[in-house]
Amino acid sequence: DERILTPCDALSTTRLFTAANVDSCCLTQANFSELEKVIGRMATHGECMSLYAHDIALTSSSPCVAPSFLAKILKRARQEGLAFYGYDERVDPETGNHKEPGWVDPKIANWTLSGYSPGNADAYKEIARLGIRSYLRELWSKWGGQELRIALYGAGAHTQWLEAITADLTGPRNVLLLDDRGAAAPATFRGLIPIRPEELPLHSVDLVVVSSDTHNRHMAAKLASLYGAQIPIIDPYSEWPQGPYPK
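One structure accompanies this document, and this report is about it. It should be emphasised that the depicted structure is a prediction, and the values quoted were computed from it without experimental measurement. The written sequence of each chain sets the order in which its residues are numbered from 1. Totals for whole chains, interfaces and linings use every residue, but because this is a predicted model, local features are given only for residues with pLDDT of at least 70 and side-chain atom pairs only at 80 or more, for both listing and counting. Hydrogens and waters are ignored; side-chain quantities use all the structure's heavy atoms.

## Notes on the pairing of strand β3 (residues 47–52)
Inference 1: Two strands make a pair as long as DSSP finds a minimum of two bridges between them. The secondary structure listing takes helices from DSSP runs of H or I that are at least 4 residues long and strands from runs of E that are at least 2 residues long, numbered from the N terminus. Inspection of the sheet shows strand β1 (residues 5–7) paired to β3 by 3 bridges, in the antiparallel sense. Of the residues in β3, the one forming a bridge with T6 is C48.

Encoded structure:
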């Protein structure tokens, strides 16, 4: 049905999209073969398509799509060079700004891990990306509600991105910025001048957050060796496959 396809150059003027249901109960292997053909056509004709499912889960009494099946769709799209966007990545065509995150569950990444395998790493990272923004915004709001004082470890691109996606939220009561380069590192969060982790006065913060999805495991280990059990260390990506993740 060509109604599910929209020319990419018509996106800014299209207000209503017809979407295809990819719940596992609706999308059989035969249907998937047809979907593969549609994905190929989209790449050739410069078109886009909206997909929806009621949930992402391994098993459910309600309609849902399995992570492994969604990964197959994303892998095929990647092979055709197509981008994939989640509901909380919508852009307002009139302003060019991201709209408020929608109903994407911030725990979506945890659901994907049950079917994760190294061979599907890229596809599962695409799925995880659908929840990263909501996941980190939820954490930031939680720390704000608890009026915590935190230190962000890492003055790189991830911290710069974190500042952008939390700018409209009431976050932690106080924030310090840590980086191994100290003051020589860029001020990537609210103009804060970084200090070295060794220089952190532990009484000034309630927890230290690793701000990286690339070197997070190494960074968390270094903090543990420095601070031991004196202060909580949070790595938001500790249970995820190694990044970096698309943003």
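So, next bit.
## Some thoughts on helix α5 (residues 157–165)
Inference 1: Taken together, the buried positions of α5 are H158, T159, W161, L162 and I165. Seen along its axis, α5 keeps its buried residues to an arc of 160°; they face one direction. In this structure, α5 carries A157 and A164 as exposed residues pointing more than 90 degrees from its buried face. When accessible area is computed with a 1.4 Å probe and restricted to protein chains, residues below 20% of their type maximum are described as buried, those above 50% as exposed, and intermediate ones as partly exposed. Here the arc refers to the directions that run from the helix axis out to each C-beta atom.

## Quick notes on the pairing of strand β5 (residues 174–178)
Inference 1: By the bridge criterion, 5 bridges tie strand β4 (residues 149–153) to β5 in an arrangement that is parallel. Bridging across to β5, I150 finds its partner in V175.
Inference 2: After leaving β4, the chain enters α5 and then returns to the sheet as β5, a path that is right-handed. A right-handed crossover is one whose linking path, passing over the helix from the first strand to the second, runs clockwise when the strands point away from the viewer.

## Some remarks on the packing of aromatic side chains
Inference 1: A pair of aromatic rings is counted whenever rings of Phe, Tyr or Trp (Trp by its six-membered ring) have centres within 6.5 Å, and the orientation is called stacked for planes under 30 degrees apart, edge-to-face for over 60 and tilted otherwise. On inspection of all chains with the given rule, the structure shows 2 aromatic pairs.
Inference 2: Ring geometry for W140 versus W143: centroids 6.2 Å apart, planes at 65°, classification edge-to-face. Taken as a pair, W140 and W143 lie in helix α4 (residues 121–145) at a separation of 3 residues, close to a single helical turn. You'll find W140 and W143 in the same group, each marked buried.
Inference 3: Following the ring pairs from residue to residue traces out a cluster consisting of W140, W143 and F189.

## Details of helix α6 (residues 216–227)
The α-helix winds at 3.6 residues per turn, so residues separated by three or four positions along the chain end up facing the same way.
Inference 1: Residue count minus one, scaled by 1.5 Å, sets the expected span of a helix. Along its 12 residues, α6 runs 16 Å from first to last C-alpha, staying within 8% of the 16 Å computed at 1.5 Å per residue.
Inference 2: Listing the buried residues of α6 in full gives N216, M219, A220, L223 and Y227. Projection of α6 onto a plane perpendicular to its axis shows the buried side chains occupying an angular sector of 100°, all on one side. Pointing more than 90 degrees away from the buried face of α6 are the exposed residues H218 and S225.
Inference 3: After α6 finishes, the residue G228 shows a positive phi value of roughly 55°.

## Description of the sheet that holds β3
Inference 1: Spatial strand order, β1-β3-β2: 3 strands in an open sheet with mixed pairing. Of all strands in the sheet, those bounded by a partner on one side alone are β1 and β2 (19–21). Geometrically, the sheet is characterised by an average inter-axis angle of 40° between neighbouring strands, direction not taken into account.
Inference 2: The pairing of β2 with β3 spans 3 bridges and is classified as parallel. Looking at β3, one finds that A19 is bridged to S50. Axis definition: a line fitted to C-alpha atoms, limited for helices to the stretch in contact. Angles are taken between N-to-C directions and run from 0 to 180 degrees.

## Regarding the sheet that holds β5
Inference 1: Sheet architecture is open: 4 strands sit in the order β5-β4-β6-β7, paired in parallel fashion. At either margin of the open sheet sits one strand with a lone partner, and together these are β5 and β7 (233–234).
Inference 2: As judged from the 4 bridges shared by β4 and strand β6 (residues 207–210), these two strands associate in the parallel manner. Directly across from A151, in β6, lies its bridge partner V208.
Inference 3: α6 contacts β4, β5, β6 and β7 of the sheet and is inclined by roughly 155° relative to β6. Contacts are assigned to residue pairs with any non-hydrogen atoms lying within 4.5 Å of each other.

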